[in-house]
Amino acid sequence: MLAMVATAVLSAIDDWKTGLQKISEFNAETYADVYRGHALFLKNIRDSEPNKFHRLMADIYLAASANSESQSAAVIARNQMSVLNLDGMEE
């Protein structure tokens, strides 16, 4: 998953490589090798330093989820729940 996120970030950076945003298509033809490179990089860390890899993944997770309960996130979740009809849903 992290390799895909890193690849998507690179795609977004590429959209600005001229100094002006030019939105490009995010597709396998363009970014498959980049994804594989990121995945291999992470695999090499995992294989050579499993404890450090685990720490890296845990730190990234904590940093990414640190503000997941912000006020705007709570409002969005509440609004989405008001649209969802759980009572009418089959179990």
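What you are looking at is a predicted structure, and each value in this text was computed from that prediction instead of being measured.

Moving on, we get to the environment of Ile60. In this structure, Ile60 sits in helix α3 (residues 50-65). Separated by 58 residues in the primary sequence, Ile60 and Leu2 have C-alpha atoms spaced 9.2 Å apart.

Glancing now at the packing of helix α2 (residues 28-48) against α3. Two elements in contact, α2 and α3, have axes whose closest approach is 5 Å; the angle formed by their N-to-C orientations is 125°. Comparing the axis directions of α2 and α3 gives the class oblique. Contacts between α2 and α3 involve Leu42, Ile45, Arg46, Asp47 and Ser48 on the former and, on the latter, Pro50, Phe53 and Met57. The class makeup of the residues in the contact of α2 with α3 is 5 nonpolar, 1 polar and 2 charged.

Let us now look at the environment of Asn44. Mapping Asn44 onto the fold places it in helix α2. Using a relative accessible area of 42% as the deciding quantity, one classes Asn44 as partly exposed. Between the alpha carbons of Asn44 and Leu10 there is a distance of 20 Å; along the sequence they are 34 residues apart.

For the coordinates displayed, the defined rule picks out 4 salt bridges. Among the salt bridges present, the one from Arg36 reaches Asp33, with a minimum N-O distance of 2.6 Å. Of this pair, Arg36 and Asp33 both sit in helix α2, 3 residues apart, which is roughly one turn of the helix. Overall, the relative accessible area of 59% leaves Asp33 in the exposed class. The salt bridge involving Asp59 is made with Arg55; its shortest N-O contact spans 3.1 Å. Within this pair, Asp59 and its partner Arg55 are both found in helix α3, separated by 4 residues, close to a single helical turn. What you see here is one network of salt bridges that share partners, running through Lys43, Arg46 and Asp47.

In this section: the packing of aromatic side chains. The geometry of two aromatic rings is summed up by the distance between their centres and the angle between their planes. Inspection of the entire model under this criterion finds 1 aromatic pair. Between Phe26 and Tyr31 the ring centres are 5.5 Å apart and the planes differ by 35°, which places this aromatic pair in the tilted class. Exposure remark for Phe26: the relative accessible area of 40% places this residue in the partly exposed category. Tyr31 gets classed as buried once you look at its relative accessible area, which sits at 6%.

With that settled, consider the confidence of the model for the chain. This prediction gives the chain a mean pLDDT of 86; 91% of its residues lie at or above 70. No element of the chain has a lower mean pLDDT than helix α4 (residues 71-83), which averages 70, and none a higher one than α2, which averages 95.

What counts, and where the lines are drawn
Residues numbered from 1 in each chain as written. Predicted model: local features only at pLDDT ≥ 70, side-chain atom pairs only at ≥ 80, totals over all residues. Heavy atoms only, no water. Helix = DSSP H or I, 4+ residues; strand = E, 2+ residues; numbered from the N terminus. Axes fitted to C-alpha atoms, helices over the stretch in contact; angles between N-to-C directions. Parallel < 35°, antiparallel > 145°, perpendicular 65-115°, else oblique. Contact = heavy atoms within 4.5 Å. Nonpolar A, V, L, I, M, F, W, Y, C, P; charged D, E, K, R; others polar. Buried < 20%, exposed > 50% of the residue type's maximum accessible area, 1.4 Å probe, protein only. Salt bridge = Lys/Arg side-chain N within 4 Å of Asp/Glu carboxyl O. Phe/Tyr/Trp six-rings, centres within 6.5 Å; stacked < 30°, edge-to-face > 60°. pLDDT = per-residue confidence, 0-100.

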